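What the coordinates show
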Amino acid sequence: MSIPRTTPRAMVRLGAVALTGVLLAACGSGSGSGGASSGDAAGGDVTLTVDLFGAFGYQESGLYAEYEQLHPGVKIKQTDTEDEQDYWKSLQTRLAGGGGLADVQAVEVGRIASVAQQQAGKFVDLNQYGAGALKGEFAPAKWSAAATKDGKVLGLGTDVGPEAMCYRRDLFQAAGLPTDRTELAARWATWDGYLELGRQYKEKAPAGSAWLDSVGSLNAVMVGQQKERYYDASGALVYENSPAVKAAWDASVKAAGDGLSAKLDQWSPPWNQAFASGSFATLPCPAWMLGYIKGQAADAGQGKWDVAKLPGGAGNWGGSYLAVPSAAKHKKEAYELIKWLTAPEQQTKVFRKQGNFPSATGSISQIADAKDPYFSDAPIGRIFGDAAEQAPVQVLGLHDKDIADQINNALSEVERKGTAPETAWSNAKKAVKNALG
Amino acid sequence: MPSAEPPAPPAPLTARRPPRPPARRRGRPAALSPYAFLAPFFTLFAAFGIFPLLYTAYVSLYRAELQTPGELEWRGLGNYTALFTDPFFWTALRNTFTIGVLSTVPQLLMALGLAHLLNYRLRARTFFRTALLLPYATSVAAASLIFAQLFGHDFGLVNRLLDLVGIHPVDWQNGTAASQIAVSSIVVWRWTGYNTLIYLAGMQTIPAELYESAEVDGASRLRQFLHVTLPGLRPTIVFTSIVSTIGATQLFGEPLLFEGSMSGGISHQYQTLGLYMYEQGWGFFHLGRAAAIAWVMFLLIVVLVGANASFSHRRSVRRRTRKEAGR
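Residues numbered from 1 in each chain as written. Chains lettered and ligands numbered in written order. Predicted model: local features only at pLDDT ≥ 70, side-chain atom pairs only at ≥ 80, totals over all residues. Heavy atoms only, no water.

Comments concerning the overall build of chain A
On a plain count of helices and strands, chain A comes out with 18 helices and 9 strands. Across its three principal axes, chain A shows a C-alpha extent of roughly 90 × 60 × 45 Å. Taken over 437 residues, chain A has a buried fraction of 52%. In chain A, once contacts between residues fewer than 6 apart in sequence are set aside, the share between residues at least 24 apart is 77%. Accessible area of chain A: about 18,200 Å², with a carbon and sulfur share of 53%. Charged side chains in chain A number 43 positive and 47 negative. The centres of these two groups are separated by 6 Å. (Helix = DSSP H or I, 4+ residues; strand = E, 2+ residues; numbered from the N terminus. Buried < 20%, exposed > 50% of the residue type's maximum accessible area, 1.4 Å probe, protein only. Contact = heavy atoms within 4.5 Å. Areas by Shrake-Rupley, 256 points an atom, 1.4 Å probe, with all protein chains shown as cover. Lys, Arg positive; Asp, Glu negative; His and termini not counted. Charge placed at Lys NZ, Arg CZ, Asp CG, Glu CD.)

Here it is as structure tokens:
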């Protein structure tokens, strides 16, 4: 290699400049985040970020626009992840790193124990802004799940998940089954009755249509009917011997064995497509599922769906909280926003638009007479209201959601691969052990 | 550069001409300049390569959880020994191996054949070469999502085509072999063109006279390929097989995006080591265990690449001695 003699000096300089640039770039990132919390006191323009999963329905119900009108100078920006598992993963990563967090973060009820017991320090104690005064507005169980032992309040409840059964009137009719929701509720007063109707449906069902979307949803909704599921009240892990878990598992395995399921993976693209195409006739539906059905089936489903009482009694599946992370930029403004969003009037609006059932007690009485034209004018206010009233107060554990996910996975093995139920159950136990560590 | 010192100034032709300034003053910066050039790389490498590597080793000795990052609990080699009795780890290791073979072997063989064809005088040669690189330029995410559609059970194109020739639909997601073949096919599709171009470059360094004399000797095209092209390509083949081995051991994006599940299918049937590490770390938040898996993968790659290199070295030594003995 031949280099002209005059260049080395220039090249050293060039190298030094390049190196300095790299070092400066490496140092530069650390200093930017220091002044982040200054927005708390300032009265000027504020942009609040809201990070959610699934369908909370705030945008759809026009609540952000309303809030912005009521509070000039406040802008709201929402991000949304469809799958809660993905959402939780990225939230945990950002909490550990302390950066990239929104002013308002949603937390699913299956995760709230983990927040209250392990991560209380990473969220703002809402008492300092006077949240204590709101206690009477919420159902006691909903309120206490987001509170720590030493009295911190880490989140305000948005919705709860009282359960019902959604079904397709047109498919029922084609298979010669009754379509009236009261009659059906009587026929499937028990889960055995539901499975029996399923077998009748299968005999005369339209081609390509199954009774149930997946046995995973059957399992989830049945587990939701019980008080004690994966943990006992002392916080000990009991899912292996829990009668509730066993009953739900057995019924799900039976439904899979009888070929009643469309074998779809919930929240996957084929599942989404099946809402419009009619691949399944029934879908166990917590209240928040109504908005999801409307979103997926859209106009093709208008008037075809209906809602009836759930077999085997009332239950609860899901529901969420809004929380403010300690690393949020505008904590006080964020609190004002979530206080407003979870107030009874706003929860009522979301229910009427989206179906998410309110957790604010003041709101429940306002919606008792609500009907939904999309669901053949089903009296959803009464159906879900009764379910919410009768649903057991569940024992929440640290890893409820992780355990549910692993059991659901094992059920898919039975459903789609024909794995023997005993093998699948032992796989589920191994997977739970692996997940909990 | 062979030597950092610049050559000594030539001896003065006449005594009247003043001597050049001493070499030392000019020599010092010149001697440093290579280091200055190397420094950016090594600074970045230390910050983003060495440090994470060592910190991962440190974390792998503790029980570390993402949700409680402050509480490290000493486990010694516990995270490593636990892997021996971890059925999911062995499944992932086996899957990594089978998917690695299923993707690397056809990929390299096809690349070799394609390169041989492209080495002939063809019309629109540049077009074909550019087209070959297109899959490589596609993002993993896009490719995996398309393939997931193609391999769908009910509406996938692959099953429809199979149906045309009277074969029952295959469950490409849930079957063990089927899902591994499906995942491998994404890898094969993406990397075959890339390897083809590397082989093609290697082939063009083989002197044309060798082919001419082989042709004079009456060797067929196939014989030319076997006896001229393949030996000439040996170093290139070693290079591609090492790179592919590393790639196969780290395989992550394709299986993750195939169904969008971290567990690699409902029975972990196509979960690779990379995916298992991700599931432990970012799905279950067990950072210590994930770090241990990362180090096991690192050591595995070192061993595999070492074995690969020593194998090819030994073969070439044997070949050389055989040639010399024959002379």
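Structural notes on a positive patch on the surface
All names here are of chain B. Side chains of Arg 314, Arg 315, Arg 318 and Arg 319 sit close together on the surface and give a patch of like positive charge. Looking at the element boundaries, Arg 314 is found in helix H12 (residues 287-326). Residue Arg 314 is classed as exposed on the basis of its relative accessible area of 54%. (Patch = residues over 30% accessible without salt bridge, like charges linked within 9 Å, V, L, I, M, F, W, Y side chains within 5 Å. Salt bridge = Lys/Arg side-chain N within 4 Å of Asp/Glu carboxyl O.)

Here's the deal with empty space enclosed by the protein
Residue and element names in this part refer to chain A. For the structure on display, the rule yields 4 cavities of 30 Å³ or more. Computed from the structure, the largest cavity encloses a volume of approximately 90 Å³. Around the largest cavity, the lining residues are Phe 56, Tyr 58, Thr 158, Asp 159, Leu 341, Thr 342, Gln 347, Val 350, Asn 356, Phe 357 and Pro 358. Those elements that place two or more of their residues in the lining of the largest cavity are strand E4 (156-168), helix H14 (344-354) and strand E9 (357-358). Here the lining of the largest cavity is built from residues that sort into 6 nonpolar, 4 polar and 1 charged. (1 Å grid on protein atoms, 1.4 Å probe; cavity = no way out; pocket = protein on both sides within 12 Å on 5 of 7 lines; lining within 4 Å. Points joined across faces, edges and corners; volume = space filled by probe spheres on them. Nonpolar A, V, L, I, M, F, W, Y, C, P; charged D, E, K, R; others polar.)

What to know about the layout of surface pockets
All names here are of chain A. When its volume is computed, the second largest pocket comes out at roughly 1,200 Å³. The wall of the second largest pocket is formed by 48 residues, among which Ala 141, Lys 142, Ala 145, Val 393 and Gln 394 lie closest to the centre. Breaking the lining of the second largest pocket down by element, the ones donating at least two residues are helix H4 (109-118), helix H5 (140-145), E4, strand E8 (316-323), E9, helix H15 (361-364) and helix H16 (380-390). Considering each element in turn, the lining of the second largest pocket owes the most residues, 6 residues, to H16. Among the residues forming the lining of the second largest pocket, the class breakdown is 25 nonpolar, 17 polar and 6 charged.

Observations regarding the side chain of Gln346(A)
Residues and elements named next belong to chain A. As for its position among the elements, Gln 346 is in helix H14. Only 2.7 Å separates the side chain of Gln 346 from the backbone oxygen of Trp 340, close enough to count as a polar contact. Every residue in contact with Gln 346, bar those within four places of it in the chain, is listed here: Leu 63, Trp 340 and Leu 341. (Polar contact = N/O pair within 3.5 Å; in protein donor to acceptor, adjacent residues only side chain to side chain.)

Regarding the state of the cysteines
Residue and element names in this part refer to chain A. Scanning the model with the defined rule gives 1 disulfide over all chains in all. Between the sulfur of Cys 166 and that of Cys 285 lies a disulfide, 2.1 Å long from S to S. When the S-S torsion is 90°, as for the bridge of Cys 166 with Cys 285, the disulfide is right-handed. Here Cys 166, found in strand E4, pairs with Cys 285, found in strand E6 (residues 280-286); they are 119 residues apart in sequence, far enough to count as distant. Summarising the burial analysis for this pair, Cys 166 and Cys 285 share the class buried. (Disulfide = S-S within 2.5 Å.)

Here we look at H4(A)
Residues and elements named next belong to chain A. Across the 10 residues that make up H4, a large majority, 8, are buried. Inspection of H4 places Val 109, Gly 110, Arg 111, Ile 112, Ala 113, Ser 114, Val 115 and Ala 116 among the buried residues, and these make up the whole buried set. On its buried side, H4 packs onto helix H3 (84-97), strand E3 (104-108), H5, E8 and helix H17 (400-417). Structurally, the start of H4 carries an N-cap: the backbone nitrogen of Gly 110 is 2.7 Å from a side-chain oxygen of Glu 108.

Digging into the confidence of the model for chain B
All names here are of chain B. Predicted confidence across chain B gives a mean pLDDT of 88, with 89% of residues reaching 70 or more. Within chain B, the lowest mean pLDDT, 85, falls on H12, and the highest, 96, falls on helix H11 (residues 273-283). In this model, residues 1-7 is a region of pLDDT below 50 whose contacts with residues beyond four sequence positions or in other chains number 6 contacts. Below pLDDT 50 for its whole length, residues 9-15 participates in 1 contact with residues either more than four positions away or in separate chains. (pLDDT = per-residue confidence, 0-100.)

Digging into the pattern of salt bridges
Residues and elements named next belong to chain A. Using the criterion set out here, one finds 21 salt bridges over all chains in the structure. With its nearest N and O atoms 3.5 Å apart, the salt bridge here joins Asp 86 to Lys 89. Taken together, the residues span about one helical turn, with Asp 86 and Lys 89 both in helix H3 at a distance of 3 residues. Owing to a relative accessible area of 34%, Asp 86 belongs among the partly exposed residues under this scheme. Among the charged side chains, a salt-bridge network with shared partners connects Glu 84, Arg 111, Lys 401, Asp 402 and Asp 405.

Considering a nonpolar patch on the surface
A contiguous nonpolar patch, built from Leu38(B), Phe41(B), Phe42(B), Phe45(B), Ile50(B) and Leu54(B) and spanning about 590 Å² of accessible area, is present on the exposed surface. In this structure, Phe41(B) sits in helix H1 (residues 23-59).

Section: unusual backbone geometry
Residues and elements named next belong to chain A. In the Ramachandran plot, Trp 267 falls in the positive-phi region, its phi being about 70° despite a non-glycine side chain. Tracing the backbone through its elements, the reader meets Trp 267 in the loop between helix H10 (243-257) and helix H11 (269-277). Not every positive phi belongs to a glycine, and Ala 298 is a case in point at roughly 50°. Structurally, the position occupied by Ala 298 is in helix H12 (residues 288-301).

Describing the packing of aromatic side chains
Residues and elements named next belong to chain A. Counted according to the given criterion, the structure contains 50 aromatic pairs over all chains. Centroid distance Phe 275 to Phe 280: 5.5 Å. Interplanar angle 80°. Geometry classified as edge-to-face. Here Phe 275 falls in the buried class, since its relative accessible area comes to 1%. For Phe 280, a relative accessible area of 1% gives the class buried. An aromatic cluster of at least three residues, connected via ring pairs, comprises Trp 267, Trp 271, Phe 275, Phe 280, Trp 288, Tyr 292, Trp 305 and Trp 317. Above the plane of the ring of Tyr 321 lies Lys 142, whose end atom (NZ or CZ) is 4.3 Å from the centre. (Phe/Tyr/Trp six-rings, centres within 6.5 Å; stacked < 30°, edge-to-face > 60°. Lys NZ or Arg CZ within 6 Å of the ring centre and 35° of its normal.)

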